[in-house]
Amino acid sequence: MVVSSAALQICPHCRAIVQTSVCSICGKSTFDAVIAPPPAPKRSRAEFFAHEEVRQVAVGAVVILALVAAIGFALNRSDPAPHANPLPPPASTTTVAPRPTTSEPAPSVAGGARPASGFVPGAPREVGQGLSPWESPPPLDLVGGGLLDPSLDFTTDIGRVDELLTAFPGQFTLASLDPPQLATFGGAVDIELIETTQPFAVRTLILADGTAAGELWLIASSGSPAGDDYLAAARARWDTGTALSQYAPDVGLRLWLLATDDTTNLWVGDVDTRAMIVVRAPLDLTPSALTEVLAPWQRAA
């Protein structure tokens, strides 16, 4: 069956397509008056936000907007102008040096070296507590090596050395070294400093005919503990038990030859039980020339 398009109508009430004047959908006639539907009621803002989902979306949007605003502010803000820290008030730079605590006077231009006071070799000390600029280190221990312990008292032993030098037989001569320095493995040392700090003396031995018999070293002790220890160290250093040969022309008169080289013989002998000599004599000097000196010296001592 063919329906003509002219017979089709639209229901003014429900907008359905009908072929007759009565709508089969809503049951109203196309000739009935069309009543406008009542307006939808307006929802208040409070009703809109009363729903939980709406509230969550709103809170999320606020948080996102706050984060975006904070990031934008951090990226676009300008750095603050630098502000220098205030400097402390000016202080005086004048240095006041403390006066030296040592009781010793400062040396003059012509003054000689002196042993230091209060300084013990090997003792621990703090940095800055060393010697004063005008203090000298302890002298060299000529027998034991190293630095001499300044706590040792050799006063009476040095006096005994002076007595033995005074008792030297007059037909011979003990002359001071020129220059007054003694050569050691550690370098040249001042003889005056050595002889005033330890019981040791060194002289040039000159025979009666004016012949230089070499260099004579004298080590003595007065019987003090320090002097006996110093003499024992000397006897251990120039040990007669290792002598190459010996010369003994009379009872109690003896020389030991400890060493020799191309130019010098090293002789050791005793003036008495607490005094010894070490003589560095030329090779052509006979030991009898030395015993001629030692024999009267022993009697005078």
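Each remark here, short or long, concerns the structure printed above.
Residues numbered from 1 in each chain as written. Predicted model: local features only at pLDDT ≥ 70, side-chain atom pairs only at ≥ 80, totals over all residues. Heavy atoms only, no water.

Okay, the pattern of salt bridges next. Between side chains of opposite charge, pairing is possible as soon as their charged atoms come close. Following the criterion strictly, the structure yields six salt bridges and no others. The partner of glutamate 195 in a salt bridge is arginine 203, and the shortest N-O contact between them spans 2.7 Å. Accessibility assignment for this pair places glutamate 195 and arginine 203 in one class, buried. In this structure, the salt-bridge partner of aspartate 270 is arginine 235, at a minimum N-O distance of 2.9 Å. Placement of the pair is aspartate 270 in strand β10 (residues 264-272) and arginine 235 in helix α5 (residues 225-237), with a sequence separation of 35 residues. A relative accessible area of 25% places aspartate 270 in the partly exposed class. A relative accessible area of 28% places arginine 235 in the partly exposed class. Salt bridges sharing common partners tie together Arg160, Glu163 and Asp272. (Salt bridge = Lys/Arg side-chain N within 4 Å of Asp/Glu carboxyl O. Buried < 20%, exposed > 50% of the residue type's maximum accessible area, 1.4 Å probe, protein only. Helix = DSSP H or I, 4+ residues; strand = E, 2+ residues; numbered from the N terminus.)

Spatially, β3-β6-β7-β11-β10-β9-β8 is the arrangement adopted by the seven strands of the open sheet, whose pairing is antiparallel. If you trace the sheet from one side to the other, it starts and ends with β3 (173-175) and β8 (245-250), each paired once. Ignoring which end each strand starts from, the neighbouring axes of this sheet average 30 degrees apart. Summarising the sheet, strand β9 (residues 253-260) and β10 pair through four bridges and their orientation is antiparallel. Bridge assignment links alanine 259 to a residue of β10, and that residue is leucine 266. Helix α3 (residues 155-166) rests against β3, β6 (200-206), β7 (212-220), β10 and β11 (275-282) of the sheet, and its axis sits at about 145 degrees to β7. α5 contacts β6, β7, β10 and β11 of the sheet and is inclined by roughly 35 degrees relative to β11. (Pairing = 2+ DSSP bridges. Axes fitted to C-alpha atoms, helices over the stretch in contact; angles between N-to-C directions. Contact = heavy atoms within 4.5 Å.)

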